[in-house]
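# Topology and contacts: notes
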Amino acid sequence: MTASPLAPTEQIPVVEKQRLLGIDAARGIALLGMMAVHSLIAVSDDGSPTLSYGISAGRSSALFAVLAGVGIAFTTGRARVERGDRGATAASLTARAAVVGAIGLIMGYTHAELAVVILPYYAILFVIAIPLVFLPTRAVAALGLLIALVVPAVIEFFGTSLPAPSLDNPTLVGIIENPLGWTVELLLNGEFPALPWTAYICAGIVIGRLKLTSANVAGALLVFGAALAVGARILSEVLIFHLGGFEHLMAGSALSREEILDIIAYGADGSVFGSTWWWLAVDGPHSSTPLDLLGTIGSSMAVIGAMLFLGHLAGTKLDTLVKVAMVPLAAAGSMTLTLYVLHIWFINSNYDTYGAWTGYILQVLAALAIGLFVKLTTGRGPLEAFVTMVANRSKRAVTERASTTAPAHPA
């Protein structure tokens, strides 16, 4: 990732450092949040969601997805991909999807009740992103909003006629044995359904194309994102509990009052659908409704904006404090794929014999320590390096093939 060629030469190192630190720190927050969802207790003694679950559930995975879109924008030059570069870009993103998807399928042996592996869904999102990077930024933004509003409604319309999701971790054998079922689950009603989640990729691509070195842009992301997140939450609350939505859910569903309240508080597994359109007013974690998608896009924007804004405090009286807080986060955030795989392996192993908070704190400390060690030595996590190598080789192969087959122009 390089700074804009329009930036003054002497400012490139500072600008680059600020931008990377903020984005990687946001990735670090997403990683620690997802680890919290998998490791900590979700239900408090009175039956309500715990504070850790209320903060992290749904938002951490959404932040990961939005940041994946930001990363895609970075790898495509933070601008619309021109016609002559589209083949190479498609090859690069396809290669990334193949490697990430393969890693996800290998991890299919793990227990979904502990954590549904997100990587196979990510692989599909990388493929879906290919035509998106060919579009102007405004078109990507408009398409993302359209997806967030329309796709959940389509899933709701066809929901009861779709095959029921297994909510398990996909494996290669499982996909071969049940291709239709897994196609529907990965795209529409699984834990991280790719089609509605394309809204996150669109949001990330738009964010990645902004002038992220600007403090004004960082502040705007923070303020607008927070407003969107809070607004979606308030609107859902008003629709469900003040405008008759809950009564419609009760009348149009075989679920009990307690079961409906659980879905509202704890969310659904990928998507929520029933016999009434009022389900679209729910914004619980992983419900993939318009308000869930828009609200978590907002929270993701706010986190990214906050981390970028903190990067602009370098050189102030808060410089040391900011570095102490952000550098370890950014180090872990620069190798989230490797650390995510290690986290999933650990919670599925016999080594995870600790209590919830003890185990979580140990994992956090390990992630930060490993991130710092790798940053100071090799500079890149092993899985990140492998994915990048395969993507670059695929891109280079297509570029070289195109140059050798291009017709010669007469002098």
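Presented here is a report on the structure given in the accompanying data block. (Residues numbered from 1 in each chain as written. Predicted model: local features only at pLDDT ≥ 70, side-chain atom pairs only at ≥ 80, totals over all residues. Heavy atoms only, no water.)

## Observations concerning the layout of surface pockets
Of the voids in this model, the largest pocket is the one considered here, and its volume is about 1100 Å³. Lining the largest pocket are 36 residues, and of these Arg27, Thr75, Arg96, Glu384 and Thr388 sit closest to its centre. Elements with a minimum of two residues in the lining of the largest pocket: helix H1 (12-39), helix H3 (59-75), helix H4 (86-106), helix H5 (119-132), helix H15 (336-347) and helix H17 (382-405). The leading source of residues in the lining of the largest pocket is H3, at 7 residues. Of the residues that constitute the lining of the largest pocket, the class distribution is 18 nonpolar, 10 polar and 8 charged. (1 Å grid on protein atoms, 1.4 Å probe; cavity = no way out; pocket = protein on both sides within 12 Å on 5 of 7 lines; lining within 4 Å. Points joined across faces, edges and corners; volume = space filled by probe spheres on them. Helix = DSSP H or I, 4+ residues; strand = E, 2+ residues; numbered from the N terminus. Nonpolar A, V, L, I, M, F, W, Y, C, P; charged D, E, K, R; others polar.)

## Considering the nonpolar core
Counting 94 residues, the largest nonpolar core has Leu119, Ile304 and Tyr340 as its most contacted members. When neighbours within four sequence positions are excluded, Leu119 is seen to be in contact with Val100, Gly101, Ile103, Gly104, Met107, Leu337, Tyr340 and Val341. Among the nonpolar cores identified, the runner-up in size contains 11 residues, and Ile264, Ala268, Ala281 and Val282 belong to it. (Core = buried A, V, L, I, M, F, W, Y, C linked by side-chain atoms within 4.5 Å. Buried < 20%, exposed > 50% of the residue type's maximum accessible area, 1.4 Å probe, protein only. Contact = heavy atoms within 4.5 Å.)

## Remarks on the packing of aromatic side chains
Per the stated rule, a full pass over the model turns up 8 aromatic pairs. Ring geometry for Trp345 against Tyr351: centres 5.8 Å apart, planes inclined by 40°, an arrangement best described as tilted. On the basis of relative accessibility, which here comes to 41%, the residue Trp345 falls in the partly exposed class. Among the aromatic residues, those joined into a cluster by ring pairs are Tyr121, Phe192, Trp197 and Tyr200. (Phe/Tyr/Trp six-rings, centres within 6.5 Å; stacked < 30°, edge-to-face > 60°.)

## Thoughts on empty space enclosed by the protein
In this structure the tally under the stated criterion is 2 cavities of 30 Å³ or more. There is about 40 Å³ of room inside the largest cavity. Every residue lining the largest cavity is listed: Pro152, Ile155, Glu156, Ser271, Val272, Leu280, Ser287, Ser288 and Thr289. Class assignment for the residues of the lining of the largest cavity results in 4 nonpolar, 4 polar and 1 charged. When its volume is computed, the second largest cavity comes out at roughly 30 Å³. Taken together, Thr75, Thr76, Thr89, Ser92, Leu93 and Lys395 form the lining of the second largest cavity. The biggest single contributor to the lining of the second largest cavity is H4, with 3 residues. Residues that form the lining of the second largest cavity fall into these classes: 1 nonpolar, 4 polar and 1 charged.

## A few points about the packing of H4 against H5
Two elements in contact, H4 and H5, have axes separated by 7 Å at closest approach and are oriented at 170°. Judged on the interaxial angle alone, H5 and H4 are roughly antiparallel. Residues Ala90, Leu93, Thr94, Ala97, Val100, Gly101, Ile103, Gly104 and Leu105 of H4 form the contact with H5, whose own contacting residues are Leu119, Pro120, Tyr122, Ala123, Phe126, Val127, Ala129 and Ile130. (Axes fitted to C-alpha atoms, helices over the stretch in contact; angles between N-to-C directions. Parallel < 35°, antiparallel > 145°, perpendicular 65-115°, else oblique.)

## Side note on helix H8 (residues 179-189)
Of all the residues in H8, the buried ones are Gly181, Trp182, Val184, Glu185, Leu186 and Asn189. Buried residues along H8 sit in contact with H5, helix H7 (172-177) and helix H9 (194-208).

Take it as geometry only, folks, not as evidence of what the structure does.
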